[in-house]
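Residues per chain are reported as follows:
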Amino acid sequence: MITFANVLTEPYLPGNYNTMIKIEDNVDLRPLNTFGLQGKVRRLVTYTDTADLTELFTTKKWQVGKVTNIGDGSNLLFIGDYNGTLLKSGINHPIKITDNNNDDHIFVTAGAGMTMDDLCAEMASRGLWGTENLSGIPGQVGAAAVQNIGAYGVEIADLIEKVHLFDTVEAAHVSMSADECHYGYRTSVFKKQPQRGRYIVTAVTLRLSKRPMPRLSYGHLAVKVSAFPSPEEIRKAVIEMRDNKLPDWHQYGNAGSYFKNVETEISVYDRICSIVEPNEVPHYRLNDGRIKIPTAWLIEQCGWKGKGNSEASVWQKQPLVLINATGNATSDDIIELEEEIVRSVHKKFGVTIEPEVEKIRNI
Ligand code: EPU
């Protein structure tokens with residue numbers, strides 16, 4: 001039974017698109033993850049249209065072992081070889097723009113397999129407001145909606161009008177509003193039980209503003225742009241800031257922020273302040289009264305910047321990011337580093353930091 005998703009009469013962008021299901025066995029893992037981990041995938045099934053999903057989930061004959069749907073693998077850590085079936089989204093039809101002659105906003109629907117930054121680039125070039133602060137984030141649109149990607153004071157949840165889905169249990173096309181997706185910091189209904197793994201995002205409809213809506217309050221963004229910036233100008237500034245701080249995964253394999261920031265009670269924040277000199281800890285007050293403490297700062301205080309083991313290390317300019325330093329790191333090397341960092345932060349501050357990357361296991 002479908003509990004809260006709305007059954008769609010028509011899937012996203014019905015039309016005469018070529019459907020193509022490609023099934024490959026014993027595939028190289030490396031191009032499927034930005035961490036650059038090496039290994040094998042038992043079966044890879046790539047699809048290019050919503051109709052492919054209906055076909056695939058009617059027969060299910062193609063499934064071997066555990067089935068996991070992935071995008072560009074930019075937030076994943078594969079634990080060893082993957083002995084099941086990876087389903088990879090290639091739904092990337094031209095974007096659909098719905099303008100209801102409203103003066104304020106416009107709706108833009110993009111396929112789940114579109115590169116998120118291509119969407120940001122296109123929106124900025126059309127002068128539409130909303131996605132510019134999310135520029136430069138690796139990965140696909142569908143994964144962005146699962147993960148609730150965020151940067152420079154904007155989360156994609158702020159822009160989502162509707163998420164178009166394929167329900168693998170009912171083999172039906174459905175949709176959910178942003179409320180129904182239960183978005184939180186880097187999380188959604190799609191990442192939590194009991195719905196985890198049930199839905200595959202096929203497309204996302206964003207509500208973008210026609211009127212200027214610059215969001216410049218995060219960090220130094222305001223000083224990097226002019227008094228009345230365009231979305232293009234903000235996009236450029238965001239990309240420049242990211243390039244200065246974050247490693248290019250083509251050069252040093254990584255999955256962006258490896259850890260989440262800490263969201264905690266005031267008492268914990270006060271305790272941390274009392275441990276450090278001069279009792280100053282960077283922090284942000286959350287709407288619910290709790291305190292957000294940058295995990296990058298906690299890790300830096302433990303002396304981890306630029307350090308690591310023989311294969312994996314902590315990025316010098318942003319210690320929230322772990323890199324495949326030699327290009328030959330295994331998931332064991334990365335997890336060994338993760339665990340050492342977690343232990344040392346806990347020892348110094350009494351706080352348990354949590355990974356943000358998704359670990360993909362065979363079971
Ligand atoms: N900081 C340090 N040392 C450093 C870097 C940062 O102490 O070397 C402290 C500073 O206090 C700084 C604060 O951390 O003000 C925040 O740093 P930054 O602006 O780089 O952001 P972040 O909280 O570390 C988050 C996202 C990033 C996103 C940036 C910018 C998470 C897990 N990460 O990082 O997202 O790009 O904000 O908006 O929330 C990602 O999710 O993969 C990702 C890269």
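Here the structure is shown first, and the text comes after it.
Scope of this entry: the structure provided in the associated data block. Being a predicted model, the structure only gives us computed values, none of them experimental.

## Considering the nonpolar core
So, point 1. Met116, Leu119, Leu134, Ile160, Val163, Tyr183 and Phe190 are the most contacted members of the largest nonpolar core, which has 46 residues in total.
So, point 2. Among the elements that line this core, the one with the most residues is strand S13 (residues 199–209), at 5 residues.
So, point 3. If we skip the residues at most four places from it in the chain, isoleucine 160 touches Ala145, Ala178, Tyr183, Val204, Thr205 and Leu206.

## Remarks on the sheet that holds strand S16 (residues 284–285)
So, point 1. With antiparallel pairing, 3 strands are arranged side by side in an open sheet as S15-S17-S16. Two strands lie at the open edges of the sheet, namely strand S15 (262–264) and S16, each paired on one side alone.
So, point 2. Summarising the sheet, S16 and strand S17 (residues 291–293) pair through 2 bridges and their orientation is antiparallel. Bridging across to S17, arginine 285 finds its partner in isoleucine 291.
So, point 3. Along the sheet face, helix H6 (residues 266–275) touches S15, S16 and S17 and points at about 40 degrees away from the line of S17.

## Brief notes about the packing of aromatic side chains
By convention here, two paired aromatic rings are described through the distance between centres and the angle between planes.
So, point 1. All chains considered together, the criterion is met by 9 aromatic pairs.
So, point 2. With 6.3 Å between their ring centres and 75 degrees between their planes, phenylalanine 190 and tyrosine 199 make a pair best called edge-to-face. The pair formed by phenylalanine 190 and tyrosine 199 is uniform in burial state, with each residue classed as buried.
So, point 3. Seen from their ring centres, tyrosine 252 and tryptophan 315 are 5.6 Å apart, and the 50 degrees between their planes marks the pair as tilted. Of this pair, tyrosine 252 sits in the loop between helix H5 (231–245) and strand S14 (253–257) while tryptophan 315 sits in the loop between strand S18 (312–314) and strand S19 (321–324), and the two are 63 residues apart along the sequence.
So, point 4. Residue tyrosine 252 is classed as partly exposed on the basis of its relative accessible area of 29%.
So, point 5. Overall, tryptophan 315 belongs to the buried group, its relative accessible area being 16%.
So, point 6. One aromatic cluster is present, built from ring pairs that chain together Phe35, Tyr258 and Phe259.
So, point 7. Here the guanidinium or amino end of lysine 292 rests over the ring plane of tyrosine 185, the centre of that ring lying 4.5 Å away.

Each value, and the rule that gives it
- Residues numbered from 1 in each chain as written.
- Predicted model: local features only at pLDDT ≥ 70, side-chain atom pairs only at ≥ 80, totals over all residues.
- Heavy atoms only, no water.
- Core = buried A, V, L, I, M, F, W, Y, C linked by side-chain atoms within 4.5 Å.
- Buried < 20%, exposed > 50% of the residue type's maximum accessible area, 1.4 Å probe, protein only.
- Helix = DSSP H or I, 4+ residues; strand = E, 2+ residues; numbered from the N terminus.
- Contact = heavy atoms within 4.5 Å.
- Pairing = 2+ DSSP bridges.
- Axes fitted to C-alpha atoms, helices over the stretch in contact; angles between N-to-C directions.
- Phe/Tyr/Trp six-rings, centres within 6.5 Å; stacked < 30°, edge-to-face > 60°.
- Lys NZ or Arg CZ within 6 Å of the ring centre and 35° of its normal.

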